[in-house]
Amino acid sequence: MCGRYTQTQSPERVATQFDLSAVPELSPRYNIAPTQGIPIVRETDAGRDLQMVHWGLIPSWAKDPKMGARMINARAETAAEKPSFRTAMRRRRCLVVADGFYEWQRTAKGKQPFFFYVPDTEGRRSPIAFAGLWETWESAKGEVIPSATILTTAANNRVQPVHDRMPVILPAEHYARWLDPDCQQSAKVTDLLQPFPTDQMATFAVSTAVNNPRQDQPELLEAIALN
DNA sequence: CCAGACGTTGTT
DNA sequence: GTCTGG
DNA sequence: CCAGACGTTGTT
DNA sequence: GTCTGG
């Protein structure tokens, strides 16, 4: 699955990577946790739009926005059918801006976190996009909360030793198809929801400091040796 | 008809 | 154990 | 995802 | 909102 991730790329780099019409305001995040604000990219009439939204999709019909707390991920295999996700799957697809994610390995000794990313030719973290869905919720008082969820798929061979699910990472050449608001048939985009190629990903173990969502500093991304 | 659910994960 | 908050 | 709370009363 | 269960 994907319950914690990073976005440490500069606003300029993000604007270039996603063809944004304006450079956004973004600060580096080393430990993004559910319910926090996350940057998503949508296709609008005015071009590619970056928005901060609540992580945890709140269905428009939810009586209580707390419902979003359990909707941080949607299974790619079933999102087109699930009542909470299917409308968004048809009409409100987005890219979740990131450059890595964490998964926890359960062992007899406890849980060990690992960081996963897509290195460039010099081994640096590349900007990546998770396939996402977004929604707007409005309270009786007129309070509006935009929110989003991250689609998950089967783990590739890089992730499998740690966990059996991973976020869907979209290659840049597929951004336009995934975002296309004129394509309202989810069946026409489900072929994009594949595990990212194993060979293009890298991983290392990290400190359990990342467990605490209040931690958010570069040191979280230092590789540690396992005993 | 109305009431109640609507999700993923992991663990057992 | 289970729910809420980050 | 993990961390942290989980309750009522009365008083300040 | 929309579907399922009673």
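Reading guide: rules and limits
Residues numbered from 1 in each chain as written. Chains lettered and ligands numbered in written order. Predicted model: local features only at pLDDT ≥ 70, side-chain atom pairs only at ≥ 80, totals over all residues. Heavy atoms only, no water. Near = heavy atom within 4 Å. Helix = DSSP H or I, 4+ residues; strand = E, 2+ residues; numbered from the N terminus. Buried < 20%, exposed > 50% of the residue type's maximum accessible area, 1.4 Å probe, protein only. Polar contact = N/O pair within 3.5 Å; in protein donor to acceptor, adjacent residues only side chain to side chain. Disulfide = S-S within 2.5 Å.

**A closer look at the protein's contact with DNA strand E**
Consideration 1: Lining the immediate environment of DNA strand E, one finds Trp61, Pro83 and Arg86.
Consideration 2: Counting only atoms of DNA strand E within 4 Å of the protein, the sugar-phosphate share comes to 27%.

**A short note on the environment of Gln217**
Consideration 1: With respect to the element layout, Gln217 can be found in the segment after β13 (202-205).
Consideration 2: According to the relative accessible area criterion, Gln217 is partly exposed, its value standing at 24%.

**Looking at the protein's contact with DNA strand D**
Consideration 1: Close to DNA strand D lie Met1, Gly3, Arg4, Pro34, Ile72, Trp104, Arg106, Lys111, Asn211, Asn212, Pro213 and Arg214, which account for all nearby residues.
Consideration 2: Taken together, the sugar and phosphate atoms account for 77% of what DNA strand D places within 4 Å of the protein.
Consideration 3: Here Arg4 contributes a side-chain N or O atom positioned 2.8 Å from a base oxygen of DNA strand D.
Consideration 4: Between DNA strand D and Arg214, the relevant distance is 2.4 Å, taken from a phosphate oxygen to a side-chain nitrogen or oxygen of the residue.

**Quick look at the state of the cysteines**
Consideration 1: Within this structure, the stated rule accounts for zero disulfides.
Consideration 2: Free of any disulfide, Cys2 has its nearest neighbouring cysteine sulfur in Cys94, separated by 13 Å.
Consideration 3: No disulfide involves Cys183; its sulfur sits 15 Å from the nearest other cysteine sulfur, which is in Cys94.

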